[in-house]
Amino acid sequence: MMSLALRTLNGKLPTTGQRVMVDASSVIIGDVTIADDVGIWPLVAIRGDVNCITIGARTNIQDGCVLHVTHKSDNNPQGNPLVIGENVTVGHKVMLHGCTIKDRVLIGMGSIVLDGAVIEEDVMIGAGSLVPPGKRLVSGFLYLGSPVHQARALTDQEIKGLHYSADNYVKWKDEYLSQKSHT
């Protein structure tokens, strides 16, 4: 992990668990907590400047993602932190803003999930989808579109695929870490 990617803001330095990979081209700022075995791939921006961000174990944040939060205000006393669960796959160029993503979720490339949205466990969101503010996506379904709609129930194979995706990205992250230690 390259320490230049982690930046202190307002006295808060991002914290990371064990075996975390943060690509040197990414930046993580402020009040951010990253659990074990997380992969932060190239060109990711994670900005915990006006609220906190938590990323659960074995989650991968793929190339070009933007993760941000909503500040606390009179209209929104808690603001909207960003909470990402375990075994989550966040596809290339996804934007997550002040939402909650629970465990075993796959968010397809180019999707946007907005303030106050809650994505329950075992959900797939198709590429290019928009999850509007405050929307709740219930467990066990594929969601598609802009704005997102429930398309159909996930198959047993697709639910197994959520585990497979997380496992695969942990394996690839470990390969990257082992090569960095030998250079």
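Attention in this report is confined to the structure presented alongside it. What you see is a predicted model; the values in this text were computed from it and never measured. Here the residue index of a chain counts from 1 through its sequence in written order. In view of the model being predicted, local features appear only for residues whose pLDDT reaches at least 70, and side-chain atom pairs are presented and counted only at 80 or more, with totals across whole chains, interfaces and linings using the full set of residues. Only hydrogens and water are set aside; all other atoms, that is, all heavy atoms of the structure, feed into the side-chain values.

1. As for the environment of Met21
Our working definition: Each helix is a run of DSSP H or I of at least 4 residues and each strand a run of E of at least 2, with the numbering of both proceeding from the N terminus.
Mapped onto the fold, Met21 is located in strand β3 (residues 21–22). A C-alpha to C-alpha distance of 23 Å links Met21 and Pro81, two positions 60 residues apart in sequence.

2. Topic: the packing of aromatic side chains
Applicable threshold: Each Phe, Tyr or Trp ring, with Trp reduced to its six-membered ring, pairs with another whose centre is within 6.5 Å; inter-plane angles below 30 degrees give stacked pairs, above 60 give edge-to-face pairs, and intermediate values give tilted ones. Residue burial is assigned from relative accessible area. The probe radius is 1.4 Å, only protein chains are included, and a residue is buried under 20% of its type maximum, exposed over 50%, and partly exposed in between.
Scanning the entire structure with this criterion turns up four aromatic pairs. Plain terms: the ring middles of Trp41 and Tyr176 are 4.7 Å apart, the flat faces sit at 85° to each other, and that makes the pair edge-to-face. Placement of the pair is Trp41 in the loop between β5 (39–40) and β6 (45–55) and Tyr176 in helix α1 (residues 156–180), with a sequence separation of 135 residues. Taking the relative accessible area as the measure of exposure, Trp41 reaches 6% and is therefore buried. Centre to centre, the rings of Tyr169 and Trp172 are 4.9 Å apart; their planes meet at 80°, and the pair counts as edge-to-face. One end of the pair is Tyr169 and the other is Trp172, both in helix α1 and three residues apart, which spans about a single turn. A relative accessible area of 17% places Tyr169 in the buried class. Residue classification places Trp172 among the partly exposed positions, given a relative accessible area of 32%.

3. What to know about the nonpolar core
Convention followed: Remark: nonpolar core denotes a set of buried residues (Ala, Val, Leu, Ile, Met, Phe, Trp, Tyr, Cys) joined through side-chain atoms within 4.5 Å.
One finds Ile40, Ile55, Leu96 and Ile101 to be the most contacted residues of the largest nonpolar core, which totals 36 residues. Among the secondary structure elements, those contributing two or more residues to this core are β4 (27–34), β6, β9 (82–84), β13 (105–107) and β16 (123–125).

4. A short note on the sheet that holds strand β19 (residues 141–145)
Our working definition: Following DSSP output, two strands are said to pair if at least two bridges run between them.
The eight strands lie next to each other as β3-β5-β7-β10-β13-β16-β19-β20, forming an open sheet whose pairing is mixed. Lying at the two open borders of the sheet, with one neighbouring strand each, are β3 and β20 (148–153). Relative to β20, β19 runs antiparallel, the two being bridged by five bridges. Looking at β20, one finds that Tyr143 is bridged to Gln150.

5. Observations concerning α1
Along an α-helix, residues three or four apart share an orientation, since each turn contains 3.6 residues. The condition is simple: The span one expects for a helix is its residue count, reduced by one, times 1.5 Å.
Taking 1.5 Å of rise per residue, the 25 residues of α1 would be expected to cover 36 Å, and the 37 Å separating its terminal C-alpha atoms lies within 8% of that figure. Residues of α1 that are buried: Glu158, Leu162, Ser165, Ala166, Asn168, Tyr169, Val170 and Lys173.

6. Looking at the state of the cysteines
Under the convention used in this document: Here, a disulfide means two cysteine sulfur atoms that sit within 2.5 Å of each other.
Inspection of the entire model under this criterion finds zero disulfides. Cys52 carries a free sulfur, and the closest cysteine sulfur to it, the one in Cys99, is 12 Å from it. The thiol of Cys99 is not disulfide-bonded; the next cysteine sulfur, from Cys65, is found 11 Å away. When its relative accessible area of 1% is taken as the criterion, Cys99 is described as buried.

7. Looking at the environment of Gly30
Short version of the rule: By definition, residues are in contact when any of their heavy atoms lie within 4.5 Å.
Inspection of the secondary structure assignment puts Gly30 in strand β4. Here Gly30 falls in the buried class, since its relative accessible area comes to 0%. Along the chain, Gly30 and Gly91 lie 61 residues apart, while their C-alpha atoms are 23 Å from each other. In this view, Gly30 contacts Arg7, Leu9, Lys12, Leu13, Pro14 and Gly48; residues no more than four positions away in its chain are not counted.

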